[in-house]
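A look at the structure
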Amino acid sequence: LRVPERLASAFVVKRHQATQPTDINLTNYKRGTGGRSSFSGLVVTVFGCKGTLGYNLANRLGKIGSQVIIPYRGEPSEVRDLKLMGDLGQILFNPIELRDEDSIRKVCQYSSVVINCIGKEYETLNYTYDDVHNKGARLIARIAQESGVQRLIHVSALNAGHRSDGKYRPGGSQWLISKGEGEESVKGEFPNATIIRPAEFIDTNDYFTTYYLGRGRYIRRFRPFRQGTHYPKVIPLHNNGEAIRMPVLVRDVSMGIIAAMRDPSTAGKTYQCVGPHAYKLGDLVKFMVACHGQKFKVESGYGNLINRVAFREKVYHTLKFPYPKCTLDKLERETVSDCLDPSLPTLEDLGVTPENIEDTIYFLLRSYADPSGIFSDHIRARKPPTPDIIFDTLQTQH
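Notes on the structure in this doc start here. No experiment lies behind these values; they were computed from the predicted model shown. (Residues numbered from 1 in each chain as written. Predicted model: local features only at pLDDT ≥ 70, side-chain atom pairs only at ≥ 80, totals over all residues. Heavy atoms only, no water.)

A word on the nonpolar core. Core analysis: the largest hydrophobic core is formed by 40 residues, its most contacted members being Leu61, Ile115 and Ile257. A per-element tally of this core places helix H7 (residues 250-262) first, with 6 residues. Residue contacts for isoleucine 115: discarding those within four places in its chain leaves Val44, Thr45, Val46, Phe47, Leu57, Leu61, Ile153 and Ile257. Counting residues in hydrophobic clusters, the runner-up holds 32 residues, among them Tyr212, Leu284, Leu305 and Leu364. (Core = buried A, V, L, I, M, F, W, Y, C linked by side-chain atoms within 4.5 Å. Buried < 20%, exposed > 50% of the residue type's maximum accessible area, 1.4 Å probe, protein only. Helix = DSSP H or I, 4+ residues; strand = E, 2+ residues; numbered from the N terminus. Contact = heavy atoms within 4.5 Å.)

What follows covers the environment of valine 253. Note on placement: valine 253 falls in helix H7. Accessibility expressed as a relative area gives 0% for valine 253, which makes it buried.

Once that is clear, we can look at the pairing of strand E2 (residues 67-72). With 6 of 6 residues buried, E2 lies mostly within the body of the structure. Residues Gln67, Ile69 and Pro71 point to one face of E2 and Val68, Ile70 and Tyr72 to the other, with burial holding for every one of them. The sheet contact formed by strand E1 (residues 43-47) and E2 spans 3 bridges and is parallel. Of the residues in E2, the one forming a bridge with valine 44 is valine 68. Since E1 and E2 lie parallel, the crossover through helix H2 (residues 52-63) that links them has a hand, and here it is right-handed. Pairing of E2 with strand E3 (residues 91-95), which is carried by 5 bridges, proceeds in the parallel orientation. Each bridged residue has a counterpart across the sheet, and for isoleucine 69 the counterpart in E3 is leucine 92. (Pairing = 2+ DSSP bridges. Right-handed = clockwise from strand over helix to strand, strands pointing away.)

Pairing is mixed across the open sheet formed by 3 strands, whose spatial order is E8-E9-E14. Only two strands of the sheet have a single partner each, and these edge strands are strand E8 (219-220) and strand E14 (296-300). One ladder, built from 5 bridges, connects strand E9 (residues 233-237) with E14; its direction is parallel. The residue of E14 that forms the bridge with lysine 233 is phenylalanine 296.

Looking now at the sheet that holds strand E6 (residues 194-198). Strands belonging to one sheet form pairs held by backbone hydrogen bonds; the direction of such a pair is parallel or antiparallel. Taking strand neighbours across the sheet as the criterion, the 7 strands line up as E3-E2-E1-E4-E5-E6-E12 in an open arrangement whose pairing is parallel. Both edges of this open sheet fall to E3 and strand E12 (270-273), since each of them pairs with a single strand only. Strand-to-strand, the axes of this sheet are offset by a mean angle of 20°, without reference to chain direction. Looking at chain direction, strand E5 (residues 151-155) and E6 are connected through 3 bridges and run parallel. Looking at E6, one finds that isoleucine 153 is bridged to threonine 194. Helix H4 (residues 129-146) rests against E1, strand E4 (113-116) and E5 of the sheet, and its axis sits at about 180° to E4. (Axes fitted to C-alpha atoms, helices over the stretch in contact; angles between N-to-C directions.)

It is worth spelling out the pairing of E4 at this point. Working note: regular strand, side chains alternate between the two faces of the sheet. Residues of E4 alternate between two faces, with Val113 and Ile115 on one and Val114 and Asn116 on the opposite face, all of them buried. Bridge count for E1 against E4 is 4 bridges, and the pairing is parallel. Residue valine 46 lies in a different strand from E4, and its bridge partner there is isoleucine 115. Pairing geometry for E4 and E5, over 4 bridges, is parallel. Each bridged residue has a counterpart across the sheet, and for asparagine 116 the counterpart in E5 is histidine 154.

Okay, the environment of aspartate 341 next. Turning to its location among the elements, aspartate 341 is positioned in the loop between helix H10 (328-333) and helix H11 (358-365). Judged by relative accessible area, aspartate 341 falls into the partly exposed class, the value being 31%. When the C-alpha positions of aspartate 341 and glutamine 272 are compared, they lie 8.2 Å apart, and in sequence the two are 69 residues distant.

Once that is clear, we can look at the packing of helix H8 (residues 281-292) against H11. Relative to each other, H8 and H11 sit at 40°, their axes nearing to 8 Å. The angle between H8 and H11 falls in the class oblique. As H8 runs across H11, the sense of the crossing is right-handed. Between H8, through Phe287, Met288, Cys291 and His292, and H11, the contact on the second element is made entirely by Glu358, Ile361, Tyr362 and Leu365. (Parallel < 35°, antiparallel > 145°, perpendicular 65-115°, else oblique. Left-handed = near helix turned anticlockwise from the far one by under 90°.)

This part takes up the side chain of aspartate 131. Among the secondary structure elements, aspartate 131 is positioned in helix H4. The class of aspartate 131 is buried, set by a relative accessible area of 16%. At a separation of 3.4 Å, a polar atom in the side chain of aspartate 131 contacts the side chain of arginine 99. Residue contacts for aspartate 131: discarding those within four places in its chain leaves Leu98, Arg99, Asn126 and Gly136. (Polar contact = N/O pair within 3.5 Å; in protein donor to acceptor, adjacent residues only side chain to side chain.)

Considering all chains together, one arrives at 21 salt bridges under this definition. For glutamate 242, the salt bridge goes to lysine 280, with nearest N and O atoms at 3.1 Å. Taken together, the positions of glutamate 242 in the loop between E9 and strand E10 (244-245) and lysine 280 in strand E13 (residues 277-280) put the pair 38 residues apart, joining distant regions of the chain. When salt bridges with common partners are traced through the structure, they connect Glu121, Glu123, Arg169, Asp329 and Arg333 into a single cluster. (Salt bridge = Lys/Arg side-chain N within 4 Å of Asp/Glu carboxyl O.)

Let us look at unusual backbone geometry. Located in the positive-phi region is asparagine 159, a residue other than glycine, with phi close to 70°. We classify asparagine 159 as buried; its relative accessible area is 14%.

Moving on, we come to the packing of aromatic side chains. Evaluated as defined, the whole model comprises 7 aromatic pairs. Ring geometry for tyrosine 122 against tyrosine 316: centres 5.8 Å apart, planes inclined by 90°, an arrangement best described as edge-to-face. You can see tyrosine 122 sitting in the loop between E4 and H4 and its partner tyrosine 316 sitting in helix H9 (residues 305-319), a full 194 residues away along the chain. For tyrosine 316, a relative accessible area of 10% gives the class buried. Consider the rings of tyrosine 218 and phenylalanine 296, whose centres lie 5.2 Å apart with planes at 70°: the pair is edge-to-face. Remark: phenylalanine 296 occurs in strand E14 and tyrosine 218 occurs in the loop between helix H6 (209-212) and E8; sequence separation between them is 78 residues. You'll find tyrosine 218 and phenylalanine 296 in the same group, each marked buried. Within the aromatic cluster, the residues linked to one another by ring pairs are Tyr207, Phe208, Tyr211 and Tyr212. The ring of tyrosine 127 carries the charged tip of arginine 99 above its face, separated from the ring centre by 4.2 Å. A cation over an aromatic ring shows up here: lysine 325 above the ring of tyrosine 323, its NZ or CZ 5.0 Å from the ring centre. (Phe/Tyr/Trp six-rings, centres within 6.5 Å; stacked < 30°, edge-to-face > 60°. Lys NZ or Arg CZ within 6 Å of the ring centre and 35° of its normal.)

Any link to function would need more than the numbers given here.
So this is what it looks like as structure tokens:
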């Protein structure tokens, strides 16, 4: 009477002996037909989800049914909105410290893919650019290699490793230098890592549109008795903004990262992520000012902005408040033009055609130009003429 049970037990034991231990893991069990309520078999750890790119990337990973592990620093309330990116139990959180190997190992040990989007726009007393972009990236890559992670995707930056002339910060931009050193460190620890080099991001609350129109970047002038056109706010630019910029939409970079994650042939390669057009920085800033609808004037030369920024940095490092929205390193980076390496692949090689940025910038800033306020139902603002295109980045790659 117990023959069926004995046969079933023998079959299970035989199957268990024939299965390699490395094949028994969560990623072999796919469930569902796709979408947020399914499990695609991918367990992805995304470092830096509080940033513009990481936030968008976590949403897209949850949309395709991936289980996303989100390491975070600080208060748990700062990442609680990321719970909505996936179905129940698909978005997991764990606190980490970038210098603590055990905390990083804990979030990597069960993952099949690790994506490092950690970046820093200003240095603090606890972390410098080198600590985050180089040493931290090396530690994540080493632990990912030791944990048996299949794919590592490291997000760097366009012009990574470029040594600028040091006009405004001695020694050049340490941000760009640390990004280049970070790429070399990641390659040394994880040779098959995929490097992503994006240009400036365009998206809600990005660090491009909000930066140039923010209080830390423009200068107020008090001229109550001046006749004619009155410009109380001035945005100074180095050399009248002649530097070349190739901004890219965040969603295009996110789609490129997911495409690279799914394609095994992208392992060990470096991809450049830029928008479809190249512009002069000055033309882009004037376009954003026109979309914003406020009285900003763009001038050539930083003038006394350098002294103001240097003073703010000293105040921050002394009192730790407020954080510098504009730094000397950022002003130094504005003197460097975006350059494409013709020997490296781009988003098009990942199957992603980047979209133009003008419509998105107008959509993000047009509400400020409405005299009825940003909560008005009727937007009276008209789209200004698009900035001049220096060259088409898509055509230069073919």
